[in-house]
Amino acid sequence: MRHIAIVGSGPAGYYTAEAAGKQWGEDVRVDVFDSLPVPYGLIRTGVAPDHQSIKKVSVRYEKTALSEEVRFVGNVQVGRDVSIAELQELYDAVILATGAPHDRNLDLPGEEFANIFGSAAFVGWYNGHPQFANLAPDLSGRHAVVIGMGNVALDVVRILSKTEGEFAGSDIVAHALDALHGSEIETVTIVGRRGPHQIMMTPKELGELMHLERASPYVDKNDLPPGADDAILEPGLRKSVTLLRDFAAIPENIHGEKRIAIEFDFFASPKAFKGKDGKVSALEIERTTIEKGRAVGTGEVYEIPADIVVTCIGYRSSPIDGVPFDERAGRFANDDGRILPGLYCVGWAKRGPTGTIGTNRPDGYGVIELVADDIGNGSRKRGRAGFDELAEKRRLDIVTFRDWQKIEQAENAAARDGSPREKFVDIESMIAALR
């Protein structure tokens, strides 16, 4: 019998658990740990609430979670309730699938001003992550700035721009919906250091900006390269740039019918935040030019108003005591998934915040191949039974997958009309739903 511990119950964690079941069948026991009482990681708290079709992948994870070989161990924080060293004593392999839950910092002057948020915090706020539920962003100003040129930036822009009615069918949490209903935002500026040919935005997400009830996207024609230059782009990026060209061609009278302007500010490198009375009020920007694919400052500096700022510039994994960490890359130090003997990583914890949800599937199967080569038939460690003894001694309040299903039923029952669920946004309420 092999005993595997997976730390993290998001896509990387459950694809890895699925792979372990395929590899060893009944001859494996997998415990999937999570610090929250609820599973699925970024599927629950990262995927935009108005992208419900993406969240349906959790049905696949549920099938794995309900198998005899796999157990969800929620409400247990590795590093606090149990150490990595203790897990290694109990399990043949410990696999870190913790994702990258922390924002990268811009490290700019003025970053301490109020109403500046990283995307992990802001997305966590509107998705009901217990860590960020009390964020309380001030949406009473007219000007929002979103820094970044990827899909997370588009998610934030879209959430800031939608009407209450456009959230029908989503699972945006009530506190965020209420705050957005009272928003006074009139412009949302998307700031990126490079140009249209360097964006990371995909066509589907970019195209959604064309269909917002009260918002219209603006692109300056002068920021677009010659049309013939698009031919060298890979097909997905070419489609995205074509959409930017469509945005630039929108007539002024159409813009005039919409209350919110979504403005793309390309070739714009943030330099400093300006503030008033302790709160952000403007963003200082240096105009850039592209040299050999890199953004180079031109010396031209200007300011744009900014009553709220959300930075969407990437994520970092959380260091864990006793685990080698690559500070520069913001992930665990590893050799293709191997960290130390018996210790592995997968997903964003392994490769950094790149790829799609589906990218984690081959990653999970790949790490299990490594584990299979390393542990053979297992080493007669105690695994699940040993952890349960430890948990009882420490009086850990473990939440199982069956427990989670009770929480899920309570969230579904509390949903407003048209919404699939109303999430609990604090751990106490989740645990109370079990009682």
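Bear in mind that the values here come from a model prediction, so they are computed numbers and not experimental data.

**A closer look at the environment of Ile 304**
Working step 1: The residue Ile 304 is located in strand S13 (residues 294–305) in this model.
Working step 2: On a C-alpha basis, the gap between Ile 304 and Arg 29 in space is 56 Å, while along the polypeptide they are 275 residues apart.
Working step 3: Those residues in contact with Ile 304, other than ones at most four positions away along the chain, are Val 145, Thr 189, Val 191, Asp 265, Ala 282, Leu 283 and Ile 285.

**Some remarks on the packing of aromatic side chains**
Working step 1: Going through the model one piece at a time under the given rule, you end up with 16 aromatic pairs.
Working step 2: Ring geometry for Phe 122 versus Tyr 126: centroids 5.8 Å apart, planes at 85°, classification edge-to-face. Of this pair, Phe 122 and Tyr 126 both sit in helix H6 (residues 119–127), 4 residues apart, which is roughly one turn of that helix.
Working step 3: The buried category is assigned to Phe 122, whose relative accessible area is 0%.
Working step 4: Judged by relative accessible area, Tyr 126 falls into the buried class, the value being 0%.
Working step 5: With a centroid separation of 5.6 Å and 85° between ring planes, the pair formed by Phe 325 and Phe 332 is classed as edge-to-face.

**Here we look at the sheet that holds strand S12 (residues 279–291)**
Working step 1: Judged by pairing direction, the sheet is antiparallel, and its 3 strands sit side by side in the order S11-S12-S13 without closing on themselves. What marks the edges here is a single partner per strand, and that holds for strand S11 (268–276) and S13. On average, each strand axis in the sheet is tilted by 20° relative to the strand beside it, whichever way the strands run.
Working step 2: Looking at chain direction, S11 and S12 are connected through 8 bridges and run antiparallel. Across the sheet, the residue bridging to Ser 269 is Glu 286, located in S12.

**Some remarks on the layout of surface pockets**
Working step 1: The calculated volume of the second largest pocket comes to roughly 250 Å³.
Working step 2: Around the second largest pocket, the lining comprises 15 residues; the ones closest to its centre are Tyr 40, Lys 55, Ser 58, Glu 408 and Arg 421.
Working step 3: Elements with a minimum of two residues in the lining of the second largest pocket: helix H2 (42–45), helix H3 (52–55), helix H4 (58–65) and helix H15 (401–413).
Working step 4: When the residues that make up the lining of the second largest pocket are grouped by side-chain class, the tally is 4 nonpolar, 2 polar and 9 charged.

**Brief notes about the packing of H6 against helix H7 (residues 151–161)**
Working step 1: For the pair H6 and H7, the least separation of the axes is 11 Å and the interaxial angle reads 45°. In terms of axis orientation, H6 runs oblique to H7. Once H6 is placed against H7, the crossing between them reads as left-handed. Residues Ser 119, Phe 122, Val 123 and Tyr 126 of H6 pack against Val 152, Asp 155, Val 156, Ile 159 and Leu 160 of H7.
Working step 2: Its residues placed into classes, the contact of H6 with H7 shows 7 nonpolar, 1 polar and 1 charged.

**Some thoughts on the nonpolar core**
Working step 1: Core analysis: the largest hydrophobic core is formed by 48 residues, its most contacted members being Leu 206 and Phe 264.
Working step 2: Counting only elements with at least two residues in this core, the list comes to H6, strand S7 (143–147), H7, helix H8 (174–181), strand S8 (187–191), helix H10 (235–248), strand S10 (260–265) and strand S14 (308–311).
Working step 3: When neighbours within four sequence positions are excluded, Leu 206 is seen to be in contact with Leu 154, Ile 199, Met 201, Ser 240, Leu 243, Leu 244, Phe 247 and Phe 264.

**Here's the deal with the sheet that holds S14**
Working step 1: If you trace the 6 strands from one edge of the open sheet to the other, you get S6-S14-S7-S8-S10-S9, paired in parallel fashion. A single partner strand is all that each edge strand has here, and the edge strands are strand S6 (116–118) and strand S9 (215–218). If you compare each strand with its neighbour and ignore which way they point, the axes differ by 20° on average.

**Things to note about the pattern of salt bridges**
Working step 1: Following the criterion strictly, the structure yields 28 salt bridges and no others.
Working step 2: Linking Glu 286 and Lys 271 is a salt bridge whose minimum nitrogen-to-oxygen distance equals 3.5 Å. Separated by 15 residues along the polypeptide, Glu 286 in strand S12 and Lys 271 in strand S11 bring together distant segments of the chain.
Working step 3: By relative accessible area, which is 15% here, Glu 286 ends up buried.

**Here's the deal with unusual backbone geometry**
Glycine aside, residues mostly have negative phi, and peptide bonds are mostly found in the trans state.
Working step 1: For Tyr 40, which is not glycine, the phi torsion reads 90° and is therefore positive.
Working step 2: Positionally, Tyr 40 belongs in the loop between strand S2 (28–33) and H2.
Working step 3: Under the relative-accessibility criterion, Tyr 40 is labelled buried at 6%.

**Looking at the pairing of S8**
Working step 1: Taken across its 5 residues, S8 has 5 buried, putting it largely inside the fold.
Working step 2: Here S8 shows no split at all, with Thr 187, Thr 189 and Val 191 on one side and Val 188 and Ile 190 on the other all buried.
Working step 3: Two strands pair when backbone bridges link them, and S7 and S8 are joined in this way by 5 bridges, in the parallel orientation. Within the sheet, the bridge partner assigned to Ile 147 lies in S8 and is Val 191.

**Examining the packing of helix H1 (residues 11–24) against helix H13 (residues 360–375)**
Working step 1: Here H1 crosses H13 at 50°, and the two axes come no closer than 8 Å. One way to sum up the angle between H1 and H13 is to call them oblique. Taken as a pair, H1 and H13 cross one another with a handedness that is right-handed. Between H1 and H13, the contacting residues are Pro 11, Ala 12, Tyr 15, Thr 16, Glu 18, Ala 19, Ala 20, Lys 22, Gln 23 and Trp 24 on the first element and Asn 360, Arg 361, Gly 364, Tyr 365, Val 367, Ile 368, Val 371, Ala 372 and Ile 375 on the second.

**So, helix H14 (residues 383–393)**
Working step 1: Among all positions of H14, only Gly 383, Arg 384, Gly 386, Phe 387, Leu 390 and Ala 391 are buried. Axial view of H14: buried residues confined to an arc of 160°, hence all on one face. Projecting away from the buried face of H14 at angles above 90 degrees are the exposed residues Glu 392 and Lys 393.
Working step 2: Those residues of H14 that are buried lie in contact with strand S1 (2–7), S2, strand S3 (70–73) and helix H5 (84–90).
Working step 3: Following H14 by one or two positions, Arg 395 has its phi on the positive side, about 55°.

**With respect to the environment of Ala 19**
Working step 1: Mapping Ala 19 onto the fold places it in helix H1.
Working step 2: Given a relative accessible area of 2%, Ala 19 falls into the buried group.
Working step 3: Remark: the alpha-carbon pair of Ala 19 and Leu 224, spanning 205 residues in sequence, is separated by 45 Å.
Working step 4: For Ala 19, the residues in contact, after removing those within four places along its chain, are Gly 364, Tyr 365 and Ile 368.

How each quantity is defined
Residues numbered from 1 in each chain as written. Predicted model: local features only at pLDDT ≥ 70, side-chain atom pairs only at ≥ 80, totals over all residues. Heavy atoms only, no water. Helix = DSSP H or I, 4+ residues; strand = E, 2+ residues; numbered from the N terminus. Contact = heavy atoms within 4.5 Å. Phe/Tyr/Trp six-rings, centres within 6.5 Å; stacked < 30°, edge-to-face > 60°. Buried < 20%, exposed > 50% of the residue type's maximum accessible area, 1.4 Å probe, protein only. Pairing = 2+ DSSP bridges. Axes fitted to C-alpha atoms, helices over the stretch in contact; angles between N-to-C directions. 1 Å grid on protein atoms, 1.4 Å probe; cavity = no way out; pocket = protein on both sides within 12 Å on 5 of 7 lines; lining within 4 Å. Points joined across faces, edges and corners; volume = space filled by probe spheres on them. Nonpolar A, V, L, I, M, F, W, Y, C, P; charged D, E, K, R; others polar. Parallel < 35°, antiparallel > 145°, perpendicular 65-115°, else oblique. Left-handed = near helix turned anticlockwise from the far one by under 90°. Core = buried A, V, L, I, M, F, W, Y, C linked by side-chain atoms within 4.5 Å. Salt bridge = Lys/Arg side-chain N within 4 Å of Asp/Glu carboxyl O. Arc of directions from axis to C-beta.

These values are about where atoms sit, not about what they do.
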